[in-house]
Amino acid sequence: MGNQRSIQEKQEHRRRILRSLASTNKALRRDWSALLCDKLSAWISLNREIEVIATYASLDSEADLSALHLSLFGHYQFAYPRVSQRNLSFHLVQDPSELKKGAFNILEPDPLHHPSVSLGSVDLCLCPGIGFSNNGARLGRGKAYYDSALPLLAADTFRMGVAFDLQIRDYLPVESHDVCMTHIATPSGIRPTPGGLS
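Read on for an overview of the structure. (Residues numbered from 1 in each chain as written. Predicted model: local features only at pLDDT ≥ 70, side-chain atom pairs only at ≥ 80, totals over all residues. Heavy atoms only, no water.)

1. Considerations on the nonpolar core
What counts here: Side-chain atoms within 4.5 Å link the members of a nonpolar core, which is a set of buried Ala, Val, Leu, Ile, Met, Phe, Trp, Tyr and Cys residues. Only protein chains enter the accessibility calculation, which uses a 1.4 Å probe; a residue whose area is less than 20% of its type maximum is buried, one above 50% is exposed, and one in between is partly exposed. Starting at the N terminus, helices and strands are each numbered in turn, a helix being any DSSP run of H or I of at least four residues and a strand any DSSP run of E of at least two. Contacts: residue pairs with any heavy atoms within 4.5 Å of one another.
In terms of nonpolar packing, the biggest core is built from 52 residues, with I44, F90, L124 and L126 touching the most fellow members. Here the element with the most residues in this core is helix α2 (residues 26-46); it accounts for five residues. Excluding residues that lie within four positions of it along the chain, F90 makes contacts with A54, T55, A79, Y80, P81, P115, S116, V117, L119, Y146 and A149.

Next up, the structure:
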């Protein structure tokens, strides 16, 4: 019963955040994304232990990180997710223009041309979501792809929730299988979370 209540609560939070996102326009989201990429680029350059970065190809309403890959081209390895049955596999991609539309019409790597990478070797996971809490809770789209991928990261991997400021909440419901973020990144800046670092 408690689990069903948590699911309903998550659905209500999703509706509210998606309504907030729907009130923005593409130009505004583009400006926010550019600012966010600048913040991420500066933060990454200060953390010299980072070599492999798991990123994503954005949906229309998500923060677009394509400029980050281009700005750091040649300095880091970037891995992109691919939906494989009920799981995500990650593949190294040199040029994001090589991504092709795959599951859910999302740009994905081609496993025949882009080698797979173990999530255990990822140093920084840039994680999309519908919303995040200040404590590091992540609210996904309810399909559990990242829920199955995040536990496979090494314990010392940076798990960074990436979103616009209006997607950040003081509280979001958390279930036992949810993995908290160690950091939250928005156009306003990057900060560690108490939930993810505990």
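Read on, since the account is not over.
2. Description of the pairing of strand β12 (residues 183-186)
Our working definition: Being paired, for any two strands, means DSSP has found at least two bridges between them.
Along β12, one buried face is formed by H183 and A185 and the opposite face, lined by I184 and T186, is buried too. Here three bridges tie strand β10 (residues 158-162) to β12, and the two strands are oriented parallel to one another. Within β12, the residue paired with M160 across the bridge is H183. In this structure, β12 lies alongside strand β13 (residues 189-192), joined through four bridges in antiparallel fashion. When the sheet's bridge partners are listed, T186 is paired in β13 with G189. Connecting the antiparallel pair β12 and β13 is a turn made up of two residues.

3. Description of the packing of aromatic side chains
The condition that has to hold: Working definition: a ring pair exists when centres of Phe, Tyr or Trp rings (six-membered ring for Trp) sit within 6.5 Å. Plane angles under 30 degrees give stacked, over 60 give edge-to-face, the rest tilted.
Enumeration according to the criterion identifies three aromatic pairs in this entry. With centroids separated by 5.1 Å and ring planes inclined at 80 degrees, the aromatic side chains of W43 and F158 adopt a geometry described as edge-to-face. In this pair, W43 sits in helix α2 while F158 sits in strand β10, placing the two residues 115 residues apart along the sequence. Geometrically, the ring pair formed by F104 and Y145 is edge-to-face, given 6.0 Å between the ring centres and 65 degrees between the ring planes. Here F104 is found in the loop between β4 (100-101) and β5 (107-108), whereas its partner Y145 is found in helix α4 (residues 145-149), with 41 residues between them in sequence.

4. Re the side chain of K10
Relative to the assigned elements, K10 resides in helix α1 (residues 2-22). The residues touching K10, leaving out its near neighbours within four places in the chain, are L139, P173, E175, H177 and D178.

5. Observations regarding the layout of surface pockets
Let me state the cut-off plainly: Cavity and pocket criteria rest on a 1 Å grid covering protein atoms alone: a 1.4 Å probe that fits but cannot get out defines a cavity, protein on both sides within 12 Å along at least 5 of 7 lines defines an open pocket, and an atom within 4 Å of a point defines a lining residue. Grid points are joined across faces, edges and corners, and a volume is the space filled by probe spheres set on the points. Think of it as three bins: nonpolar holds Ala, Val, Leu, Ile, Met, Phe, Trp, Tyr, Cys and Pro, charged holds Asp, Glu, Lys and Arg, and polar takes everything else, Gly as well.
The volume enclosed by the largest pocket comes to roughly 670 Å³. R138, R141, K143, Y145 and Y146 are the residues nearest the centre of the largest pocket, which is lined by 32 residues in total. Taken together, the elements giving at least two residues each to the lining of the largest pocket come down to α1, β2 (77-84), β5, β9 (138-139) and α4. Top element by residues in the lining of the largest pocket is α1. It accounts for four residues. Of the residues that constitute the lining of the largest pocket, the class distribution is 16 nonpolar, five polar and 11 charged. Here the second largest pocket defines a volume of roughly 300 Å³. For the second largest pocket, the lining is made up of 14 residues, of which R30, S33, S58, E62 and D64 are closest to its centre. Elements with a minimum of two residues in the lining of the second largest pocket: α2 and α3 (66-71). In terms of residue count, α2 provides more of the lining of the second largest pocket than any other element does, six residues in total.

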